[in-house]
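Structural description and commentary
The chain contents come next:
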Amino acid sequence: MTGFASLPPVAAAGPAHDELEVLQDIHGVLAGERFALLTGAGLSTDSGIPDYRGPGAAPRAPMTYQEFVAEPENRQRYWARNHIGWSELRRADPNEGHAAAARLEHRGLLTGLITQNVDRLHEDAGSINVVDLHGRFDQVVCLACHRRYSRGLLAGVLEELNPGFLERALAAGVVEMAPDADATVEDGGLIKGFVVAHCPACGGTLKPDFVYFGENVPKDRVERCYAMVDRAGALLVAGSSLTVMSGLRFVRHAAKQGKPVVIINRGQTRGDQLATIKLHAGVSGALTWLAAELPPL
Ligand SMILES: [Zn+2]
């Protein structure tokens, strides 16, 4: 295996000199404002969760919603990989960036937090007003009756249905771990024997409760995010390349309202042209600095 679970959270270093200058500009834009915070995978990399779009990320084609519902074999492959991925991902701890985001909220500086991450680390760190834009990995939903179940309880059911699977899969080698608890396994034969679980209430198809590629974010969830931006004086994006429209639209929304957009990300983003200030940096250190330096409201 990759040693994923043994990666310690990386301590955020203090900002370098040129970073500090940009941070002071960001301070000038955000001081005195309540702002909306939009976070992505770059925030969780310091918790050992890989970013599948960041610099150096391996090319990867996640299963689409249409593929998932079309074939039982696809669901079998998906659940087998998710079973492995979940067993690793659930052990991740929030890092200093998550802690800083929670401090920003507790000091009254945020109108809300929108995260594209499904790992629930913001909630673990103490953030309260969070929209999990792309859903949450710790729940599953029945596609037939829409009941939701704990992923942790499902893990026990999958264990009973597939005794010894996890040990054999990890011994076979986990090649890649993805932020949505998907894992790539080399041994196809192992996956062919995997038994999936069904909804205990109606026997329907269970799916992790997050938004797949090819699936829309629920409308009420999007509206909650727009409302956070509407109430804000600015938008701060941290650790997202804004590759998908589900996050980029909030940048466009803020820009259209003439509100400053600040982007902190390692690498380019699709929102860079709309940014008032862009800082190329890791997000843990930058958010920690901002949470310490911005005056309370
Ligand atoms: Zn059901």
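The structure reproduced in this document is the subject of the present report. Source: prediction; values computed, not measured. (Residues numbered from 1 in each chain as written. Predicted model: local features only at pLDDT ≥ 70, side-chain atom pairs only at ≥ 80, totals over all residues.)

A few words now on the overall build of the protein. When its secondary structure is counted, the protein shows 11 helices and 11 strands. For the protein, long-range pairs separated by at least 24 residues make up 73% of all intrachain contacts whose partners lie at least 6 apart in sequence. (Helix = DSSP H or I, 4+ residues; strand = E, 2+ residues; numbered from the N terminus. Contact = placed C-beta atoms within 7 Å.)

As a further point, take the nonpolar core. With 63 residues, the main nonpolar core has F35, A36, L37, L235, V237 and V262 as its most contacted residues. Broken down by element, this core gets its largest block of residues, six residues, from helix α11 (residues 283-293). No fewer than three residues from each of domain 1 (16-49 + 94-134 + 218-297) and domain 2 (58-91 + 138-210) sit in this core. Excluding anything up to four places from it in sequence, F35 contacts L30, L109, L110, T111, A232, G233, A234, L235 and L236. (Core = buried A, V, L, I, M, F, W, Y, C linked by C-beta atoms within 7 Å. Buried ≥ 20, exposed ≤ 12 C-beta atoms within 10 Å, placed from the backbone. Domains from an automatic or database assignment.)

What follows concerns the sheet that holds strand β8 (residues 206-210). An order of β5-β4-β8 is seen for the three strands of this open sheet, with the pairing classed as antiparallel. Looking at which strands have only one partner, the edges of the open sheet turn out to be β5 (148-150) and β8. Pairwise comparison of adjacent strand axes, ignoring direction, gives a mean angle of 45° for this sheet. Where strand β4 (residues 135-142) lies against β8, four bridges are found, and the strand directions are antiparallel. Bridge pairing in β8 links C142 to L206. (Pairing = 2+ DSSP bridges. Axes fitted to C-alpha atoms, helices over the stretch in contact; angles between N-to-C directions.)

Quick look at the sheet that holds strand β10 (residues 261-264) now. Spatially, β3-β2-β1-β9-β10-β11 is the arrangement adopted by the six strands of the open sheet, whose pairing is parallel. Two strands close off the open sheet at either side, each with one partner strand: β3 (130-132) and β11 (277-279). Strand-to-strand twist in this sheet, taken as the mean axis angle between neighbours without regard to direction, amounts to 15°. Relative to β11, β10 is paired through three bridges, and the arrangement is parallel. Bridge pairing in β11 places V262 opposite I277. On top of the sheet, helix α4 (residues 96-106) reaches β1 (35-39) and β2 (110-115); it is set at about 150° to β2, its chief contact. Sitting on the sheet, helix α9 (residues 219-231) is in contact with β1, β2, β3 and β9 (234-238), with an inclination near 140° to β2.

A word on the packing of helix α3 (residues 72-89) against helix α7 (residues 165-172). Running from amino to carboxyl end, α3 crosses α7 at an angle of 85°, the nearest separation of the two axes being 10 Å. As judged from the angle between their axes, α3 and α7 are roughly perpendicular. Facing H83, I84 and S87 of α3, the residues of α7 in contact are L166, A169 and L170. Across the contact of α3 with α7, the residue classes break down as four nonpolar, two polar and no charged. (Parallel < 35°, antiparallel > 145°, perpendicular 65-115°, else oblique. Nonpolar A, V, L, I, M, F, W, Y, C, P; charged D, E, K, R; others polar.)

Structural measurements only, silent on function.
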